[in-house]
Amino acid sequence: MWKTYAYIISFLILPGTSTIMAQIQPEDSVLIPLKIRAGIEVSGPIIYLTGKNNLSTEGYISVDLNEKLCLYAGVGYSKFKYSQYNYSYQNKGIFFKTGIDINLLKPEISMGKYWAGIGLRYGLSAYNSETPSFWYRNYWGTVTSSLGPSARMGHFLEFSPGVRAELFRNFSIGWSVSLRRLIYSGTNKDLSPIYFPGYGNGAKPFSTGISYFLVFNIPFKKIKVEIKKEIPEEVEETTETEERTSVTNK
Amino acid sequence: MRSVKTYITGAIFAWILIAMVSCTPGSCFEETNAFIKASFYRNDVRKLQPPDSLTLFGLEMDTNRIYNKASNVQPALLPLDADTTSCTFIIRINGITDTMTFWYSSYPHLVSMECGYTFYHQLIEKPSVTDNIIDSVNIGNRNISTLNVENIRIYY
């Protein structure tokens, strides 16, 4: 639910950004500041501080290549504990992500301050998991067992659409939805990790998530980007001319 | 400007949907028991045919019968004991009794986060069977899992 609150906050902020964008005057070119960004994911620690057992933290650095593309490198740590009536499970580990962010906004709208686009990432996780106890019951009775600690590595792909807006000078907030595809969980299919750092439920081939970021920006260069002017559609003009001609003939 | 709002609105709906799904408590709907799936075949015609009456229970488990004079059982589901490496069943087909002993290895398998763990098995060798009514038992698939796959054929 904390993530939903975070969504509400960002939703309140975003309409303000559209007003700012509407004030941009049309020009032939715009100066776009390229930036180095350092971001931290905030919902994971907040959820942990509210008394949940599970901690997931993540941070990243990204560098603009141009007004559209940005190189991304992230790192995170997670600690996960889960128990229910028939088993208990724990997992902790780190993960790395690397990839690119693509800004889908036009330069004259984004101005280096606003971002709405997609992130394409590769993730690598190293973790330690353990099932301290589980039990299983069938016709012959109940069997109690455990799975000892084991260190594993696995990897996944991530598609991450989202938005980001500069609130103050060199400070932005943003959120993104993550859609992930597991490539390899580090185990055989019988003992998939119940939690996979940076990914989620390792027993499923796909996972989803939401991240909410605070981002510090450091401009390092400005580039001039030409604005593509929209060409009026010729078809409509032709139709109007034909209509006028027919009216004149009448 | 309209396209920006479209992106944002779409993302917001996706977020709400995901948040709703992720907040739903999980329940276990999957099969959690791995059984030997045994199909019955008439030996004279070598065709699939369930016995008119089937009684099945584990050795020294007479009071807890898996099937008790059941009809039209096809396939029969035989549970294995994950705590041991062999299981003996008493099987009564049309009133005539035989015994079947299976040798196997067991290993844990995660069904899902919601369901937890079960045990899968692998048959090590051909089961030992008495021949009062059963002619033979053939192994089709040695891997005993929750999948709906025929493991053995019982010819009677």
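Residues numbered from 1 in each chain as written. Chains lettered and ligands numbered in written order. Predicted model: local features only at pLDDT ≥ 70, side-chain atom pairs only at ≥ 80, totals over all residues. Heavy atoms only, no water.

**Remarks on the sheet that holds strand 1 (residues 29-41) of chain A**
Residue and element names in this part refer to chain A. Strands sit in the order 1-2-3-4-5-6-7-8 around a closed barrel of eight strands; the barrel is antiparallel. Here the average twist between neighbouring strands, direction ignored, is 25 degrees. Bridge count between strand 6 (residues 141-168) and strand 7 (residues 171-184): eleven bridges; the pairing is antiparallel. Residue pairing across strands places V163 opposite W175, the latter belonging to strand 7. (Pairing = 2+ DSSP bridges. Helix = DSSP H or I, 4+ residues; strand = E, 2+ residues; numbered from the N terminus. Axes fitted to C-alpha atoms, helices over the stretch in contact; angles between N-to-C directions.)

**Focus on the side chain of S172 of chain A**
Residues and elements named next belong to chain A. Tracing the chain through its elements places S172 in strand 7. The exposure class assigned to S172 is buried, which follows from its relative accessible area of 2%. At 2.9 Å, the side chain of S172 forms a polar contact with the side chain of N217. Once residues lying within four places of it in the same chain are set aside, the contact partners of S172 are R164, A165, E166, L167, F213, L214, V215 and N217. (Buried < 20%, exposed > 50% of the residue type's maximum accessible area, 1.4 Å probe, protein only. Polar contact = N/O pair within 3.5 Å; in protein donor to acceptor, adjacent residues only side chain to side chain. Contact = heavy atoms within 4.5 Å.)

**Side note on the nonpolar core**
Buried together is how nonpolar side chains tend to be arranged in soluble globular proteins. If you look at the biggest cluster of nonpolar residues, it comprises 28 residues, and the most contacted ones within it are L78, I91, F102 and I154 of chain B. With four residues, strand 6 (residues 86-93) of chain B is the largest single contributor of residues to this core. Residues within four places of I154 of chain B in sequence aside, it is in contact with A38, S39, F40, Y41, I91, M100, I134, S136 and V137 of chain B. In terms of nonpolar packing, the next biggest core, distinct from the first, is built from 14 residues, F80, Y87 and V143 of chain A together with L110 of chain B among them. (Core = buried A, V, L, I, M, F, W, Y, C linked by side-chain atoms within 4.5 Å.)

**Overview of a nonpolar patch on the surface**
Taken together, I36, I61, V63, L65, L69, L71, I218 and F220 of chain A make up a surface patch of nonpolar side chains, about 660 Å² in accessible area. Breaking the nonpolar patch down by element, the ones donating at least two residues are strand 2 (55-64), strand 3 (69-84) and strand 8 (206-226) of chain A. (Patch = residues over 30% accessible without salt bridge, like charges linked within 9 Å, V, L, I, M, F, W, Y side chains within 5 Å. Areas by Shrake-Rupley, 256 points an atom, 1.4 Å probe, with all protein chains shown as cover. Salt bridge = Lys/Arg side-chain N within 4 Å of Asp/Glu carboxyl O.)

**Quick notes on the side chain of S178 of chain A**
Note on placement: S178 of chain A falls in strand 7. When neighbours within four sequence positions are excluded, S178 of chain A is seen to be in contact with E158, F159, S160, S207, T208, G209 and S211 of chain A.

**Considerations on the confidence of the model for chain A**
All names here are of chain A. Residues of chain A with pLDDT of at least 70 account for 81%, and the chain-wide mean is 85. Note on residues 1-22: pLDDT under 50 across the span, and 35 contacts to partners over four residues away in sequence or across chains. Low pLDDT, under 50, characterises residues 244-250; the stretch is placed with zero contacts to residues that sit more than four places away or in other chains. (pLDDT = per-residue confidence, 0-100.)

**Thoughts on the pattern of salt bridges**
Residues and elements named next belong to chain A. For the structure shown, the criterion picks out ten salt bridges over all chains. E158 is the partner of R180 in a salt bridge, and the nearest nitrogen-oxygen pair spans 2.8 Å. You can see R180 sitting in strand 7 and its partner E158 sitting in strand 6, a full 22 residues away along the chain. Through salt bridges with shared partners, a single ionic network connects E58, K97, D101, R121, E158 and R180.

**Considerations on unusual backbone geometry**
Residue and element names in this part refer to chain B. Put simply, Q74 and P75 share a cis peptide bond, and its omega is 0 degrees. Mapping P75 onto the fold places it in the loop between strand 4 (67-70) and strand 5 (76-79). The phi dihedral of E60 falls on the positive side, at around 65 degrees, and the residue is not glycine. Along the chain, the position of E60 falls in the loop between strand 3 (54-58) and strand 4. Although it is not a glycine, N72 adopts a positive phi angle of roughly 55 degrees. Tracing the sequence through the fold places N72 in the loop between strand 4 and strand 5. A relative accessible area of 64% places N72 in the exposed class.

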